[in-house]
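Chains, contacts and geometry: an overview
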Amino acid sequence: MTDHNRWGKFMIVVTGATGNVGRPLVQALAAAGEQVTAVSRGVLGVAVPEGVRHRQVDLAAAESLRPVFDGADAVFLHDGGAAVQLLNPQGILDVAKAGGVRRVVLLSSQGVATRPQSFSHGRMGLSIEDAIRRSGMDWTILRPGGFASNTFAWAETIRTQRTAAAPFGDTGLPFIDPADIGEVAAAALHENGHAGQVYELTGPALITPRQRAEAIGDALGEPIRFIEQTRDEARAQMLQFMPEPVVETTLDIIGEPTPAEQRISPDVERVLGRAPGAFAAWAERSAAAFR
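The text that follows walks through the structure, step by step, so that each part is easy to find. Just so it is clear, the structure is predicted and the values come from calculations on it, not from any experiment.

What to know about the pairing of strand β2 (residues 35-40)
Across the six residues that make up β2, a large majority, five, are buried. Note: strand β1 (residues 11-14) against β2, four bridges, orientation parallel. Its bridge partner being in β2, Val-13 is matched across the sheet by Thr-37. Taken together, β1, helix α1 (residues 22-31) and β2 form a β-α-β motif whose crossover is right-handed.

Points about the nonpolar core
Counting 28 residues, the largest nonpolar core has Val-14, Phe-76 and Leu-142 as its most contacted members. Secondary-structure elements contributing two or more residues to this core are β1, α1, β2, β4 (74-78), β5 (103-107), α8 (178-190), β8 (197-201) and α13 (267-272). When residues in this core are grouped by element, the largest group, seven residues, is from α8. Residue contacts for Leu-142: discarding those within four places in its chain leaves Val-105, Leu-106, Leu-107, Ser-108, Ser-109, Ile-181, Val-184, Ala-185, Tyr-199 and Leu-201. Within the second largest apolar cluster, 25 residues are counted, among which are Leu-77, Ile-92, Val-101 and Val-104.

So, the packing of aromatic side chains
Enumeration according to the criterion identifies five aromatic pairs in this entry. With 5.4 Å between their ring centres and 35 degrees between their planes, Phe-279 and Trp-282 make a pair best called tilted. A residue pair is termed a helical-turn pair when its members lie 3 or 4 positions apart in one helix, as Phe-279 and Trp-282 do in helix α14 (residues 279-285) at three residues. Across the pair, exposure class does not vary: Phe-279 and Trp-282 are buried alike. With 6.3 Å between their ring centres and 75 degrees between their planes, Trp-282 and Phe-290 make a pair best called edge-to-face. Exposure remark for Trp-282: the relative accessible area of 2% places this residue in the buried category. Taking relative accessible area as the criterion, Phe-290 reaches 0% and is therefore assigned buried. A connected cluster of aromatic rings, assembled from ring pairs, spans Phe-152, Phe-279, Trp-282 and Phe-290. The cationic tip of Arg-212 hangs over the ring face of Phe-175; the distance from NZ or CZ to the ring centre is 4.4 Å.

Scoring rules and cut-offs
Residues numbered from 1 in each chain as written. Predicted model: local features only at pLDDT ≥ 70, side-chain atom pairs only at ≥ 80, totals over all residues. Heavy atoms only, no water. Buried < 20%, exposed > 50% of the residue type's maximum accessible area, 1.4 Å probe, protein only. Helix = DSSP H or I, 4+ residues; strand = E, 2+ residues; numbered from the N terminus. Pairing = 2+ DSSP bridges. Right-handed = clockwise from strand over helix to strand, strands pointing away. Core = buried A, V, L, I, M, F, W, Y, C linked by side-chain atoms within 4.5 Å. Contact = heavy atoms within 4.5 Å. Phe/Tyr/Trp six-rings, centres within 6.5 Å; stacked < 30°, edge-to-face > 60°. Lys NZ or Arg CZ within 6 Å of the ring centre and 35° of its normal.

Next up, the structure:
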């Protein structure tokens, strides 16, 4: 389907460059020989690849992005940060367009389609998607489901107690490796043939919380005891770091996923020419975080 002819060597701005998707995206673009500006709100936590420049910018202050976008050709925009969600994303897009940007890739969410009535997962994301579509730039929208890296929430209890607690222990979702999202984003940014596309991104198979704990145990070489929480127990824990509407919708998704949320999408393979990585491979690569 995709025309994989290279677009040429241009300047690409990556927002959210320190995140689970931004880091592998920056690496993929640098490996492809692109000129990359990595943008984050704080000091970059890991070394950037050789030739990549880093800029510390607050996305909530769109005007501060003018020097970053000046002369740039494409931008990766992450919709998950509060800074983007609380401002009119049109501000960022206007500054990008004025700087010469003509291609934008948005990291959105599967919930835009599967939970359209949810403010946190659907309506807010849709408003940002709509701004992208109206921008006048070539656009591509990525809608991933659950990230394998969400499992880092277990890191402390696995390190200290070799336990992992979660509700709905036997309900599976097709968690995706963030590195696969980064590779799809890289393709959309520096290859032709992706303009006007909406890609739903999932892993290759359903995996339950109990199976995720087992996979981490296999990666560590010792068993992890899985503790199944009630919904109320999980809710109380999540409310410590998430707003209530986000908690309730998240619990609905992981407890009673819709058929669309459990569907295995072919889009990663359509774009990359290979199947998405399995959760076990992510666990092996990330084992140090749980030791």
